[in-house]
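Remarks on the overall topology
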Amino acid sequence: MTFALAQALAVAKSRQDIPAALDLLHPDMTLETPAFGTTAKGRAENEKALKRFFATFPDYDVTLDGHASDGTTLVCWGTARMTMTGDRFGVVPNGERAELPVFIQFTFADGLIASERFFFDLSALCAQSGVSTDAVRRKVFGS
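Here we summarise the structure given alongside this text. (Residues numbered from 1 in each chain as written. Predicted model: local features only at pLDDT ≥ 70, side-chain atom pairs only at ≥ 80, totals over all residues. Heavy atoms only, no water.)

On to the overall build of the protein chain, then. Summing up its helical and strand segments, the protein chain has five helices and six strands in all. Counting from the amino terminus, helix and strand elements in the protein chain follow one another as α-α-β-β-α-β-β-β-β-α-α. For the protein chain, whose C-alpha radius of gyration is 15 Å, the value lies close to the compact-globule estimate of 15 Å for 143 residues. Taken along the three principal axes of its C-alpha coordinates, the protein chain extends 40 × 30 × 25 Å. Going through the 143 residues of the protein chain one by one, you find that 45% of them count as buried. Taking the intrachain contacts of the protein chain between residues at least 6 apart in sequence as the baseline, contacts between residues at least 24 apart amount to 56%. Accessible surface for the protein chain amounts to roughly 7,000 Å². Of this, 52% is attributable to carbon and sulfur atoms. (Helix = DSSP H or I, 4+ residues; strand = E, 2+ residues; numbered from the N terminus. Rg over C-alpha atoms; globule rule 2.2 N^0.38 Å. Buried < 20%, exposed > 50% of the residue type's maximum accessible area, 1.4 Å probe, protein only. Contact = heavy atoms within 4.5 Å. Areas by Shrake-Rupley, 256 points an atom, 1.4 Å probe, with all protein chains shown as cover.)

What follows concerns the nonpolar core. Among the nonpolar cores identified, the biggest contains 43 residues, and Phe57, Tyr60, Phe120 and Leu125 are the most heavily contacted of them. Those residues within four positions of phenylalanine 120 in sequence are excluded, and the remaining contacts are Thr33, Ala35, Phe36, Leu100, Pro101, Val102 and Leu125. (Core = buried A, V, L, I, M, F, W, Y, C linked by side-chain atoms within 4.5 Å.)

Strands pair in a sheet through their backbones, by hydrogen bonds, and they do so in one of two ways: parallel or antiparallel. Taking strand neighbours across the sheet as the criterion, the six strands line up as E2-E1-E6-E5-E4-E3 in an open arrangement whose pairing is mixed. Sheet topology places strand E2 (38-41) and strand E3 (61-69) at the edges, where each strand pairs with a single neighbour. Strand-to-strand, the axes of this sheet are offset by a mean angle of 20 degrees, without reference to chain direction. One ladder, built from seven bridges, connects strand E5 (residues 97-109) with strand E6 (residues 112-119); its direction is antiparallel. Bridged to phenylalanine 108 within E6 is isoleucine 113. Relative to strand E1 (residues 25-33), helix H3 (residues 42-56) is tilted by about 45 degrees, and along the sheet it contacts E1, E2, strand E4 (73-83) and E6. Contacts from helix H4 (residues 122-129) reach E4 and E5, with the element oriented near 150 degrees to E5. (Pairing = 2+ DSSP bridges. Axes fitted to C-alpha atoms, helices over the stretch in contact; angles between N-to-C directions.)

We note that glutamine 16 has phi near 55 degrees; this positive angle belongs to a residue other than glycine. Mapped onto the fold, glutamine 16 is located in the loop between helix H1 (2-14) and helix H2 (18-23). Its relative accessible area of 26% is what places glutamine 16 among the partly exposed residues. The backbone of aspartate 110 shows a phi angle near 55 degrees, a positive value even though the residue is not glycine. Mapped onto the secondary structure, aspartate 110 falls in the loop between E5 and E6. The exposure class assigned to aspartate 110 is exposed, which follows from its relative accessible area of 67%.

Inspection of every chain in the model, using the stated rule, returns twelve aromatic pairs. Where phenylalanine 54 meets tyrosine 60, the ring centres are 6.3 Å apart and the plane angle is 40 degrees; that geometry is what we call tilted. Take phenylalanine 54: its relative accessible area is 9%, and that puts it in the buried class. Ring geometry for phenylalanine 103 versus phenylalanine 119: centroids 5.4 Å apart, planes at 45 degrees, classification tilted. Here the residue phenylalanine 103 occupies a position in strand E5, and phenylalanine 119 occupies one in strand E6, the gap between them amounting to 16 residues. A relative accessible area of 35% places phenylalanine 103 in the partly exposed class. (Phe/Tyr/Trp six-rings, centres within 6.5 Å; stacked < 30°, edge-to-face > 60°.)

In an α-helix, one full turn covers 3.6 residues, which means residues spaced three or four apart are oriented alike. Its 15 residues place the ends of H3 21 Å apart at the C-alpha level, agreeing with the 21 Å of an ideal helix rising 1.5 Å per residue. Where H3 is concerned, the buried positions are Gly42, Asn46, Leu50, Phe53, Phe54 and Thr56. Relative to the axis of H3, the buried residues are bounded by an arc of 150 degrees and lie together on one face. Exposed residues on H3 whose side chains face more than 90 degrees from its buried face are Ala44, Lys48 and Ala55. Buried-residue contacts for H3 involve H1, H2, E1, E2 and E4. (Expected span 1.5 Å × (residues − 1). Arc of directions from axis to C-beta.)

Rendered as structure tokens:
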């Protein structure tokens, strides 16, 4: 059941189908993306975060290649493909599609996804997008 939810979320996000993604999330869902230093709590914040993410990465696509679970936490790994667009990070990307290994940690409550921690290498994304990691980090983290 838990991997099926994670896979359904991956499919919904790969279609940029925000309503379908939100249907899989617990009302108190927490989404953390350490590479961007962001945390979204609750459905409203998650909807806003997804809209912002898809505005920046309109062709986002993720595949889950494997997973492991201890009965409480599910860990998935796979590949994300996405093209950085716009000026969200204060840089001008090259328009090339990045391909990155990802690691995603999930927890569940009431038959829904209660938390997601989405890990990827910001430096690899920046390098493939033709932008300075330092410039992006300054914009994202203010330092």
